Amino acid sequence: MSKVLKDLLYSKSHEWVKKLNEEEVLIGISDYAAKQLGSIVFVDLPEAGDTVEAESEFGAVESVKAASDLISPVTGEVIEINEELVGEPELVNEDPYSAWLIKVKLDNPEELEELLSADDYEEIL
Amino acid sequence: MMYNKLIFEISQPGRVGYSLPKRQFTKYDIKDLGNHLRQTDALLPEVSELDCVRHFTNISKKNFGVENGFYPLGSCTMKYNPKINEELVKTMSFAKLHPYQPISTVQGALRAYYELQNALSEISGLEEFSLNPFAGAHGELVGLMVMKEYHMARGDFKRTKVIVPDSAHGTNPASITVCGMEAVEIVSNDQGMVDIEALKAVLNDEIAGMMLTNPNTLGIFEKDIVEITKLVHEAGGLMYYDGANLNALLGKVRPGDMGFDIMHINLHKTFSTPHGGGGPGSGPVGVKDFLIDYLPNPRVKKLEDYYYVANVGDAIGQISGYFGNFLVALRAYSYILNLGKENLMQVGPLATLNANYVRQALKNDYYLPIEGYCMHEVVFDGLKDNPHEIRTLDVAKRLLDYGMHAPTIYFPLLFHQSIMIEPTETESLQTINDFIDVMKKIAKEAKEDPDTLRNAPLSTPITRTDEVFAAKEMIFSYKDYLEYINSKG
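These numbers were taken from a predicted model, which means no experiment stands behind them.

Asks: Hey, could you run me through the overall build of chain B in this one?
Replies: Along its length, chain B carries 16 helices and 12 strands. Scaling as 2.2 N^0.38, a compact globule of 489 residues should have a C-alpha radius of gyration of about 23 Å, and chain B matches this with 25 Å. Among the 489 residues that make up chain B, the fraction classed as buried is 40%.

Structure follows, in structure tokens:
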């Protein structure tokens, strides 16, 4: 069974979003996504200062099975990336909810209302 | 004991296997190379002729090919490669030709090239072929270059996007990108086919065309194909047929009749030329009559009884040295002539029958994500009754212990535990039954003895490999290996 954390928001493409404050969020991939991918060997992330757009690709994760695009659940500016993942992509498998990928400053915080709640996300799994 | 050495590990400094003839060109001195002279010795193995022969004979025993056993690698059409093809290409009239020989001395070779073009036209329903592309992906690129050239020549510069379904082979979007165009992916419907509404939504005057494999990568025939090609044509785009799965249709349906304008054929799949391990392939590209002028140079043409080589001004240019992998094309022509029209028409139906036989026999043990008949290959989504969460990877690895090549796994990406089985038409009922028995045995092991599956293969020279390590530590050569060992102390 895949773990779904109650206090996070989710996208249909299996990313999670954690609200840090009114305009900043962390983005990662869900436990379900990490399990389906299998052992992750490479994480390709944007750079701080880049912009991401909701429902557009912002990077990729590569596992022994396949390479998959990362789809941004929100629009905004990348203010930080999780540098640890560059050397240790396996952290995503170990704990997908603490291995965040990027920190984003939202252009439009109302966008978060479009995302799935933990309960809604569990429904689609 | 299994021989398990690299040739570098049996190397002895100063040992030679071959003496070079005495140097004839005395006025050259290696020191004249100056700065270009390499600073360190090349890391080359030094072995005697006997050591060398033994080494390669021993490692050849570890090879597994279609001549060793069943090889149901989905999407790869690992059919038997008839020996008569090899006999033919070995004859001096073909094997010793030079591309710059006078045309009058190579009439036979040109005739074979020309007649194969025609045979492929008849089989595919497209007017003309170039045999020059070296392999499938190269054919895709050449076909897309023709598509691009067609729009450019009409002055229609906006058309830079090519549609691919989400079930497409990864080479499709890759070829589109290499060709300087943009891939537009559309979702499949719940039967694994092109979703007509999703297609309509992306059609506009920026679409150069659409690439499609039919039957698609799920082994399912796109039954709306006529409507699909009509919609794309009405929007001003061209239809590209990825010939990867042509074996299913051979002799029954022609891509040209379905409305495709451009296609490539993998001769190394459908037409029985050897492949696996990287080549050599051959990926002829065929087109409808309005695109003939854009096919790559050089072209083989015929005037009365004389064959000659021509370069056409509107062509996309030259995409290969001379005529591609000519001897591979020749093997394909040998296959076509040996089967003849009547037997060639049996290929698709028999390949389809074999895949459906496997599908029916295994559907209680492996999960079938899509109902209905398949074409030449069948896709399961992992084990059906699976209390120990055995993965498709474990099943595939275990097959090696039973002396069979693993099917394609984790493709198509639409399912999470895909296993894609393509038996081809060249296997006997007995061989296919053996495979089915083994697959059932593995399904039973998955319930009763899961650890054996998790550790499989147990009987091969290399047992379970560490795929994470292999993907993270790029060790491609003995030199990389030494560096890795040294870095670890």
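Asks: Can you walk me through the overall build of chain A in this structure?
Replies: Along its length, chain A carries 4 helices and 9 strands. In chain A, the succession of helices and strands from N to C terminus is β-β-β-α-β-β-β-β-β-α-α-β-α. Taking 125 residues into account, the globule formula puts the C-alpha radius of gyration at 14 Å, and chain A, at 13 Å, falls close to it. The dimensions of chain A, computed from C-alpha atoms along their principal axes, are 35 × 35 × 20 Å. Of all 125 residues assigned to chain A, the portion counted as buried reaches 35%. Looking at chain A alone, contacts between residues at least 24 apart form 64% of all its contacts between residues at least 6 apart.

Asks: Teacher, can you tell me more about the packing of helix 5 (residues 136–153) of chain B against helix 6 (residues 171–178) of chain B here?
Replies: For any two helices packed against each other, the geometry comes down to the angle between their axes and how far apart the axes lie. All names here are of chain B. Between helix 5 and helix 6, the least distance of the axes is 9 Å, while the angle of their chain directions is 50 degrees. Between helix 5 and helix 6, the angle is such that the two are oblique. For the element pair helix 5 and helix 6, the recorded crossing hand is right-handed. Every residue of helix 6 that contacts helix 5 at Gly136, Ala137, Glu140, Leu141 and Leu144 is listed here: Thr171, Asn172, Ser175, Ile176 and Val178. Of the residues contributing to the contact of helix 5 with helix 6, the split by class is 5 nonpolar, 4 polar and 1 charged.

Asks: What is the right way to read the nonpolar core from this model?
Replies: One recurring pattern in soluble globular proteins: nonpolar side chains tend to sit buried together. B:Leu144, B:Val146, B:Val162, B:Tyr240, B:Ile262, B:Ala329 and B:Ala332 are the most contacted members of the largest nonpolar core, which has 108 residues in total. Taken domain by domain, the makeup of this core includes at least three residues from each of domain 2 (83–339) and domain 3 (343–470) of chain B. When near neighbours in sequence (up to four residues on either side) are disregarded, B:Ala332 contacts B:Leu116, B:Leu267, B:Phe271, B:Thr273 and B:Ser282. One finds A:Ile27, A:Ile29, A:Leu85 and A:Trp100 within the second-largest nonpolar core, a separate group that totals 30 residues.

Asks: Teacher, can you tell me more about the sheet that holds strand 11 (residues 408–409) of chain B here?
Replies: Residue and element names in this part refer to chain B. Here 3 strands make up an open sheet; going across it, the order is 10-12-11 and the pairing antiparallel. Unpaired on one side and paired on the other, strand 10 (378–381) and strand 11 mark the two borders of the sheet. In terms of strand pairing, strand 10 meets strand 12 (residues 418–421) through 4 bridges, oriented antiparallel. Across the sheet, residue aspartate 381 finds its bridge partner in strand 12, namely serine 418. Against the sheet, helix 12 (residues 392–401) makes contact with strand 11 and strand 12, and its axis sits at roughly 35 degrees relative to strand 12, the strand it touches most.

Asks: Would you take a moment to explain helix 5 of chain B for this structure?
Replies: Think of an α-helix as 3.6 residues a turn; residues three or four steps apart then line up on the same face. Residues and elements named next belong to chain B. Compared with the 26 Å implied by 1.5 Å per residue over 18 residues, the 25 Å span of helix 5 between its first and last C-alpha is a close match. A large share of helix 5 lies buried, amounting to 15 of its 18 residues. Glycine 155 lies just past helix 5 and shows a positive phi near 80 degrees.

Asks: Can you walk me through the environment of B:Val328 in this structure?
Replies: Residue and element names in this part refer to chain B. Residue position: valine 328 is located in helix 11 (residues 326–362). Between the alpha carbons of valine 328 and valine 89 there is a distance of 8.4 Å; along the sequence they are 239 residues apart. Apart from residues no more than four positions distant in its own chain, valine 328 is found in contact with Leu267, His268, Thr273, Pro280, Gly281 and Ser282.

Asks: What's the story with helix 11 of chain B in this structure? I'm lost.
Replies: For helix 11 of chain B, which comprises 37 residues, the first-to-last C-alpha distance of 41 Å sits more than 12% below the rise-based estimate of 54 Å (1.5 Å per residue). Most pronounced at B:Gly340, the bend in helix 11 of chain B amounts to some 100 degrees.

Asks: Would you mind showing me how to read the pairing of strand 6 (residues 57–63) of chain A here?
Replies: The side chains of a regular strand alternate, first on one face of the sheet and then on the other. All names here are of chain A. As paired elements, strand 4 (residues 40–44) and strand 6 share 4 bridges and run antiparallel to each other. From the neighbouring strand, phenylalanine 42 faces strand 6, where its bridge partner is glutamate 62. By the bridge criterion, 5 bridges tie strand 6 to strand 7 (residues 67–71) in an arrangement that is antiparallel. Residue pairing across strands places glutamate 57 opposite isoleucine 71, the latter belonging to strand 7. Counting the residues that bridge the hairpin from strand 6 to strand 7 gives 3 residues.

Asks: What should I look at first to understand the packing of helix 2 (residues 83–90) of chain B against helix 11 of chain B in this one?
Replies: Residues and elements named next belong to chain B. Packing of helix 2 against helix 11 leaves a shortest axis separation of 9 Å and a crossing angle of 130 degrees. Judged by the inter-axis angle, helix 2 sits oblique to helix 11. Like other packed secondary-structure pairs, helix 2 and helix 11 cross with a definite hand, here right-handed. Residue-level contacts link Ile84, Asn85, Leu88 and Val89 of helix 2 to Leu327, Leu330, Arg331, Ser334, Tyr335 and Asn338 of helix 11. The residue makeup of the contact of helix 2 with helix 11, split by class, is 6 nonpolar, 3 polar and 1 charged.

Asks: Which parts of the structure should I look at to understand the sheet that holds strand 1 (residues 9–10) of chain A?
Replies: Across a sheet, strands are paired by hydrogen bonds formed along the backbone, either parallel or antiparallel in direction. With antiparallel pairing, 6 strands are arranged side by side in an open sheet as 1-2-3-9-8-5 (chain A). Only two strands of the sheet have a single partner each, and these edge strands are strand 1 and strand 5 (51–52) of chain A.

Asks: Just checking my understanding: could you explain the confidence of the model for chain B for this structure?
Replies: Residues shown with low pLDDT carry predicted positions that ought not to be read at fine detail. When pLDDT is averaged along chain B, the result is 94; 99% of the residues meet or exceed 70. Confidence metrics for the complex model read pTM 0.88 and ipTM 0.73.

Asks: How should unusual backbone geometry be read in this particular structure?
Replies: Generally, phi is negative for residues other than glycine and the peptide bonds are trans, each holding for most cases. Residues and elements named next belong to chain B. In this structure, the amide linkage connecting asparagine 214 to the following residue, proline 215, adopts the cis form with an omega of 0 degrees. In this fold, proline 215 is placed in the loop between strand 4 (207–212) and helix 8 (225–234). In this model, asparagine 297 is joined to proline 298 through a cis peptide bond whose omega is -10 degrees. Backbone geometry places threonine 77, a non-glycine residue, at a positive phi of 45 degrees. Within the element layout of this structure, threonine 77 appears in the loop between helix 1 (49–60) and helix 2.

Asks: Mind showing me how you'd approach the environment of B:Glu86 here?
Replies: All names here are of chain B. Inspection of the secondary structure puts glutamate 86 in helix 2. Given 14 C-beta atoms within 10 Å, glutamate 86 falls into the partly exposed group. Sequence separation between glutamate 86 and glycine 251 is 165 residues; the distance between their C-alpha atoms is 24 Å.

Rules of the game
Residues numbered from 1 in each chain as written. Chains lettered and ligands numbered in written order. Predicted model: local features only at pLDDT ≥ 70, side-chain atom pairs only at ≥ 80, totals over all residues. Helix = DSSP H or I, 4+ residues; strand = E, 2+ residues; numbered from the N terminus. Rg over C-alpha atoms; globule rule 2.2 N^0.38 Å. Buried ≥ 20, exposed ≤ 12 C-beta atoms within 10 Å, placed from the backbone. Contact = placed C-beta atoms within 7 Å. Axes fitted to C-alpha atoms, helices over the stretch in contact; angles between N-to-C directions. Parallel < 35°, antiparallel > 145°, perpendicular 65-115°, else oblique. Left-handed = near helix turned anticlockwise from the far one by under 90°. Nonpolar A, V, L, I, M, F, W, Y, C, P; charged D, E, K, R; others polar. Core = buried A, V, L, I, M, F, W, Y, C linked by C-beta atoms within 7 Å. Domains from an automatic or database assignment. Pairing = 2+ DSSP bridges. Expected span 1.5 Å × (residues − 1). Bend = angle between axes of the 7 residues up to and from the residue. pLDDT = per-residue confidence, 0-100.

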